[in-house]
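The primary structure of each chain is shown beneath.
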Amino acid sequence: MSLGAVLTIGGVSPKELGLGTFRNSQRPILSSTVDNTVTIPGMHGAYDFGATMGPKQFELECAFIEKNHIELQRRVSTFAAFLLDGDGRPRTMDIVFVNQPDRKYSVRYVGSLNIDRISGLGTFTLPFTAFDPFAYSKQNTSDLLTWDTDYTWEDDFAWGDSYDFAFNGPETVQINNFGTLNVEPLIIVTGSFSTLSLTIGGIEFRYNTAFNGALEINHKRKTVKSGNQNLLQNTNAKFGKLPPGTSDLIVNGTNLNISVDVIFNAKYAA
C-alpha cells in the first residue's frame, strides 16, 4: 500500500490522527484456512471434510511525524486512547481502504504495539485482526442511493434495483445481491396477513398465524421478533440465503396487505 492508502479507521481519517501508512503494509488477499481433516494410521493422505476461513490479519506500517519528542508523545497517547474503549479494552472499529471506498472490514487491535522513536519521528507496525474475515459494503440496501453514497455507476448493483416492496397478494420479485458471497438478510414485514410465506435462495420461511404490525425476520441471527417479543414459535424456523447476483423473492400467503423491506450489507471475499 502506498502512503495514504487507508481512507478511515473507526470513521476517522489517518490525517486527523496524524498518521501515515506506508507501501510495505500487509493486506492479504484471503485469510488462512481452518482445515477440517482426519488422518487414519496406515492410510495415505487424509479425509477432507472441508474448511472455513480463519481471521484476517492486517499489518499497517505507520509513522507519526511531529516537531519534537514531546509532540510525538502527545500524538502517541491520543492514538493509544483511540484504539481502546472506556474500560481500556481494544475496541472493534471499521477500516476502509482508499482503493475500495465502498466496503469495510470490522477490526480491532491484536498483539503488541512497539514504536521506534527518533526525536519527533515515530514508526511502528499496527496489527489489526478482522475476526470476520470478509469485507462488507459500507451502505446497506436501505441507504444505498443517498446522495452521499460511495457507489458509482460502475459498481455491481443497478441504480434501478429495489429492496422495498408492497404486496396485496402472492407475487415474485427480484433481489440483486451485488456482493460476491451469499448474504443472510434482515427482512422487515409491515402490515397484516393471515399466513405468510417468503422464499429466498430456494428456502421457504413460513409464518403460520395471523399478524398485524411490524415483523423482523433476521436470517443471520435466525430470529423472528415484533419489538422485543420472540415469535419464532409461530414459524417453521427455516431461513434462506441470497446468492450473488439477481434471484427471486417469492411472496405467498393469505390476506396479504404488507410492505417488505430486504436489508443487507453486500458481502465480499476481499
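Here, the structure is the one placed above.
Note that this is a predicted model, so its numbers are computed, not measured.

So, how was this worked out
- Residues numbered from 1 in each chain as written.
- Predicted model: local features only at pLDDT ≥ 70, side-chain atom pairs only at ≥ 80, totals over all residues.
- Heavy atoms only, no water.
- Pairing = 2+ DSSP bridges.
- Helix = DSSP H or I, 4+ residues; strand = E, 2+ residues; numbered from the N terminus.
- Axes fitted to C-alpha atoms, helices over the stretch in contact; angles between N-to-C directions.
- Phe/Tyr/Trp six-rings, centres within 6.5 Å; stacked < 30°, edge-to-face > 60°.
- Buried < 20%, exposed > 50% of the residue type's maximum accessible area, 1.4 Å probe, protein only.
- Expected span 1.5 Å × (residues − 1).
- Arc of directions from axis to C-beta.
- Contact = heavy atoms within 4.5 Å.
- Polar contact = N/O pair within 3.5 Å; in protein donor to acceptor, adjacent residues only side chain to side chain.
- Salt bridge = Lys/Arg side-chain N within 4 Å of Asp/Glu carboxyl O.

Asks: Describe the sheet that holds strand β19 (residues 245-254), naming the residues involved and giving the relevant values.
Replies: Here we have four strands laid out as an open sheet, ordered β12-β19-β14-β15, and antiparallel in their pairing. At either end of the open sheet lies a strand with only one pairing partner, and these are β12 (171-177) and β15 (203-207). Averaged over all pairs of adjacent strands, the angle between strand axes in this sheet comes to 20°, irrespective of strand direction. Of the pairings in the sheet, the one linking strand β14 (residues 195-200) to β19 comprises six bridges and is antiparallel in character. The partner of I200 across the bridge, within β19, is L249.

Asks: Can you break down the packing of aromatic side chains residue by residue, with the values?
Replies: Tallying each qualifying case throughout the model produces 14 aromatic pairs. When the centroid spacing of 5.8 Å and the interplanar angle of 40° are considered together, the rings of F58 and F97 count as tilted. With F58 in strand β5 (residues 56-65) and F97 in strand β6 (residues 93-97), this residue pair connects regions lying 39 residues apart in the sequence. An identical accessibility class is assigned to F58 and F97; each is buried.

Asks: Any details on helix α1 (residues 69-82)? Residues and values, ideally.
Replies: An ideal rise of 1.5 Å per residue puts 20 Å on 14 residues; α1 measures up with 20 Å between its terminal C-alpha atoms. Considered for burial, the residues of α1 that qualify are L72, V76, F79 and F82. Along the axis of α1, the buried residues cluster in a sector spanning 120°; they form a single face. Of the exposed residues in α1, those oriented more than 90 degrees away from the buried face are R74, T78 and A81. Among the structural elements, β1 (6-9), β2 (19-21), β5, β6, β8 (116-118) and β9 (121-130) are those in contact with the buried residues of α1. The backbone nitrogen of I70 has a side-chain oxygen 3.0 Å away, supplied by the residue at the start of α1, namely N68.

Asks: So what about the sheet that holds strand β17 (residues 223-226)? Which residues, and what values?
Replies: In spatial order, the strands read β11-β20-β13-β16-β17-β18; together these six strands make up an open sheet with antiparallel pairing. With one partner strand each, in any of the chains shown, β11 (164-167) and β18 (229-230) form the two edges of the open sheet. As judged from the seven bridges shared by strand β13 (residues 186-193) and strand β20 (residues 257-263), these two strands associate in the antiparallel manner. Bridging from a neighbouring strand, T190 pairs with S259 of β20.

Asks: How would you summarise the environment of A270 if you had to cite specific residues and measurements?
Replies: Locating A270 in the fold gives a position in the segment after β21 (267-268). Residue A270 is classed as partly exposed on the basis of its relative accessible area, which comes to 30%. Distance from A270 to T180, taken between C-alpha atoms, is 9.1 Å for residues 90 residues apart in sequence. With sequence-adjacent residues up to four places away left out, A270 is seen in contact with I29, K56, Q100, R103, Y105 and A135.

Asks: Give a detailed account of the pattern of salt bridges, specifying residues and quantitative values.
Replies: Inspection of the entire model under this criterion finds six salt bridges. A salt bridge links K104 to D94, with the shortest nitrogen-to-oxygen separation between them at 3.7 Å. Here the residue K104 occupies a position in strand β7 (residues 103-109), and D94 occupies one in strand β6, the gap between them amounting to 10 residues. Since its relative accessible area comes to 31%, D94 is described here as partly exposed. Between E184 and K222 there is a salt bridge, with its nearest N and O atoms 3.0 Å apart. Here E184, found in the loop between β12 and β13, pairs with K222, found in the loop between β16 (211-218) and β17; they are 38 residues apart in sequence, far enough to count as distant. Using a relative accessible area of 28% as the deciding quantity, one classes E184 as partly exposed. K222 gets classed as partly exposed once you look at its relative accessible area, which sits at 35%.

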